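# Coordinate analysis (summary)
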Amino acid sequence: TMSRAIMQEHAPDHLRGRVMGFFSFSFLGAGPIGALLWGFAIEKIGLENAMMAAALGMLVVIVIIARGLGLWRVQPPKLAPKA
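Residues numbered from 1 in each chain as written. Predicted model: local features only at pLDDT ≥ 70, side-chain atom pairs only at ≥ 80, totals over all residues. Heavy atoms only, no water.

## Digging into the pattern of salt bridges
Where we set the bar: When a carboxyl oxygen of Asp or Glu is within 4 Å of a side-chain nitrogen of Lys or Arg, the pair counts as a salt bridge. Each residue's exposure class comes from its accessible area (1.4 Å probe, protein chains only) as a fraction of the maximum for that residue type: buried when under 20%, exposed when over 50%, partly exposed otherwise.
One pass over the structure, following the stated rule, counts one salt bridge. For the salt bridge of Arg-16 with Asp-13, the shortest nitrogen-to-oxygen distance reads 2.8 Å. Using a relative accessible area of 29% as the deciding quantity, one classes Arg-16 as partly exposed.

## Points about helix H2 (residues 16–45)
The following threshold applies: We count a stretch as a helix when DSSP gives it H or I for four or more residues in a row; a strand needs E for two or more, and each element gets its number in order from the N terminus. Working rule for helices: expected span equals 1.5 Å times residues minus one.
Over its 30 residues, H2 extends 41 Å from the first C-alpha to the last, a length consistent with the 44 Å expected when each residue adds 1.5 Å. Count one or two residues on from H2 and you reach Gly-46, which has phi positive near 90 degrees.

## Digging into the packing of H2 against helix H3 (residues 47–69)
Cut-off, in case you're wondering: The axes used here are C-alpha line fits, helices contributing only the stretch in contact, and every angle between their N-to-C directions lies in the interval 0 to 180 degrees. Roughly parallel here means an angle under 35 degrees, roughly antiparallel means over 145, roughly perpendicular means 65 to 115, and every remaining angle is called oblique. Handedness of a crossing is defined here by the sense of rotation of the near helix relative to the far one, left-handed for an anticlockwise turn of less than a right angle and right-handed for a clockwise turn. Here, residues are in contact when the closest pair of their heavy atoms is within 4.5 Å. Ten residue types, Ala, Val, Leu, Ile, Met, Phe, Trp, Tyr, Cys and Pro, are classed as nonpolar, four, Asp, Glu, Lys and Arg, as charged, and the remainder, Gly among them, as polar.
For the pair H2 and H3, interaxial distance at closest approach is 7 Å and the crossing angle is 125 degrees. Between H2 and H3, the angle is such that the two are oblique. Where H2 crosses over H3, the two elements pack in a sense that is right-handed. Residues Trp-38, Ala-41, Ile-42 and Ile-45 of H2 lie in contact with H3, whose contacting residues are Leu-47, Asn-49, Ala-50, Met-51 and Ala-54. Of the residues assigned to the contact of H2 with H3, the class counts are eight nonpolar, one polar and no charged.

## Structural notes on the confidence of the model for the protein chain
We count it as follows: Think of pLDDT as the predictor's per-residue confidence, scored from 0 to 100.
Here the protein chain averages 84 in pLDDT, while 88% of its residues score no lower than 70. The lowest-confidence element of the protein chain is helix H1 (residues 2–10), averaging 81 in pLDDT; the highest-confidence one is H3, averaging 90.

Pasting the structure below:
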């Protein structure tokens, strides 16, 4: 729910429909494609190797995003002192 709200909030008004259409496709439409690719990978390299490849791929994605976005460098807002 939060990701959908963030997408709607940050999308330009004139592109909001297209952004949300792509967002919905990426969650609903990519599932069958991913299932097909998983089937091929498991058939060719086995379940354990396919799972390890997926885990390593996600680790690489997490490291790239963590280094590139600076999510851990965000500073909390300063509160005004109490009067």
